[in-house]
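Now for the letters of each chain:
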Amino acid sequence: MARRKKIYEGKAKIIYEGPEPGTIVQYFKDDATAFNAEKKDVIEGKGVLNNRLSEFFMMGLNNVGVPTHFLKRLNMREQLCRSCEIIPLEIIVRNYAAGSMSKRLGIEEGTQLPRPIVEYCYKDDKLGDPLVSEEHIAAFGWASQHDMDDIVALALRVNDFMSGIMFGVGIKLIDFKIEIGRVYDGDFQRLVVADEISPDSCRLWDIETGEKLDKDVFRRDLGNLADAYTEVARRLGVMPKQAPQPTKPTLIN
Ligand code: TMP
């Protein structure tokens, strides 16, 4: 019996070595953080919900031909993914002004943008993930121009897919963040959607009432975060069969 080897622990997930070469296991924690971990809490059941929801979105993307790192869900809190080299950027797509864009540009939250706007932040917690331009990305070699063309195309396809899915259940996709990884098939490299897609990384507003169903509920103390995520899961028909329970990472071999 060997314990899974931990590769990395982030704020919301732990990454373990997977059972086969070229795979990893993502373990979804119940920890919630905001403002670069200045605000922290443990929200019971969040990890279970995000594991399910991220599976649902990633499988949907795989099925419509948008490549992701997701392979399969293993249990309530863990999923098997292809290992990839994460490009050190947070790719943000915005359909309506909110959050940092509203602050930065003085646009009222909820204002529809003339077209989806793609932004990039450099992934560095010490620096607070600063906004960067394609010039920085090219000059510092974080991604090539060819990668950037692929990244924008992937981000906009994710936006179309996620907007449609959400619209179908009465939710407006205000904005979201994705991460992109490189996978290697022999000498051939391609880009895939990696990390997670969940209400932690999207802004989701009820179309009728404007109620927030995403991590802003936690960031802004608007109510119970697990209830908001459960509502998203319920509308999408993605309900855990059992009530969320704290589980430890499983053993393999
Ligand atoms: P922002 O308006 O705070 O820049 O956030 C834009 C989107 O990115 C929003 O859907 C929340 C998501 N996001 C993350 O997933 N991780 C983060 O660390 C931050 C700051 C935002």
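Provided above is the structure to which this section pertains.
This write-up is about the structure you can find in this document. Given the structure is predicted, the values throughout are model-derived calculations rather than measurements. (Residues numbered from 1 in each chain as written. Predicted model: local features only at pLDDT ≥ 70, side-chain atom pairs only at ≥ 80, totals over all residues. Heavy atoms only, no water.)

**A few points about the site of the ligand**
Move 1: Near the ligand, the surroundings consist of 14 residues, among which R94, S100, D175, K177 and R203 are the closest.
Move 2: At 2.9 Å from an oxygen atom of the ligand is found a side-chain nitrogen or oxygen belonging to R94.
Move 3: In isolation the ligand has 460 Å² of accessible area, and contact with the protein removes 77% of it.
Move 4: Those elements that provide at least two residues to the shell around the ligand are β9 (89–96), α2 (99–105), β12 (171–185) and β14 (202–206). (Near = heavy atom within 4 Å. Polar contact = N/O pair within 3.5 Å; in protein donor to acceptor, adjacent residues only side chain to side chain. Areas by Shrake-Rupley, 256 points an atom, 1.4 Å probe, with all protein chains shown as cover. Helix = DSSP H or I, 4+ residues; strand = E, 2+ residues; numbered from the N terminus.)

**Let's talk about the side chain of T23**
Move 1: Structurally, the position occupied by T23 is in strand β3 (residues 23–28).
Move 2: Judged by relative accessible area, T23 falls into the buried class, the value being 13%.
Move 3: Contacts of T23, omitting those with residues within four sequence positions, involve E17, G18, L71, L80, C81, R82 and S83. (Buried < 20%, exposed > 50% of the residue type's maximum accessible area, 1.4 Å probe, protein only. Contact = heavy atoms within 4.5 Å.)

**What about the pattern of salt bridges?**
Move 1: Inspection of the entire model under this criterion finds 30 salt bridges.
Move 2: Here K13 ties to E196 by a salt bridge, and the two come within 2.7 Å at their closest N and O atoms. Taken together, the positions of K13 in strand β2 (residues 13–17) and E196 in the loop between β13 (188–194) and β14 put the pair 183 residues apart, joining distant regions of the chain. As far as burial versus exposure is concerned, K13 and E196 are alike and both buried.
Move 3: Salt-bridge contacts for R203 lead to D216; the nearest nitrogen and oxygen are separated by 2.6 Å. Of this pair, R203 sits in strand β14 while D216 sits in helix α5 (residues 216–219), placing them 13 residues apart in sequence.
Move 4: With relative accessibility at 12%, the residue R203 sits in the buried group. (Salt bridge = Lys/Arg side-chain N within 4 Å of Asp/Glu carboxyl O.)

**Some points on the packing of helix α1 (residues 46–63) against helix α4 (residues 145–167)**
Move 1: One way to put it is that α1 packs onto α4 with a least axis distance of 11 Å and a crossing angle of 120°. Regarding the angle of α1 to α4, the classification is oblique. α1 and α4 meet at a crossing whose hand is right-handed. Together, F56, F57, G60 and L61 of α1 and V158, F161, M162, I165 and M166 of α4 make up the contact between the two elements.
Move 2: Within the contact of α1 with α4, the residues separate by chemical class into eight nonpolar, one polar and no charged. (Axes fitted to C-alpha atoms, helices over the stretch in contact; angles between N-to-C directions. Parallel < 35°, antiparallel > 145°, perpendicular 65-115°, else oblique. Left-handed = near helix turned anticlockwise from the far one by under 90°. Nonpolar A, V, L, I, M, F, W, Y, C, P; charged D, E, K, R; others polar.)

**Digging into the state of the cysteines**
Move 1: According to the stated counting rule, one finds zero disulfides in the structure shown.
Move 2: Cysteine C84 is unpaired, with the sulfur of C81 as its nearest cysteine sulfur at 8.1 Å.
Move 3: Take C84: its relative accessible area is 23%, and that puts it in the partly exposed class.
Move 4: Distance from the sulfur of C121, which forms no disulfide, to the nearest cysteine sulfur (C202) is 15 Å.
Move 5: Residue classification places C121 among the buried residues on the basis of a relative accessible area of 10%. (Disulfide = S-S within 2.5 Å.)

Just geometry here; none of it tells us what the structure is for.
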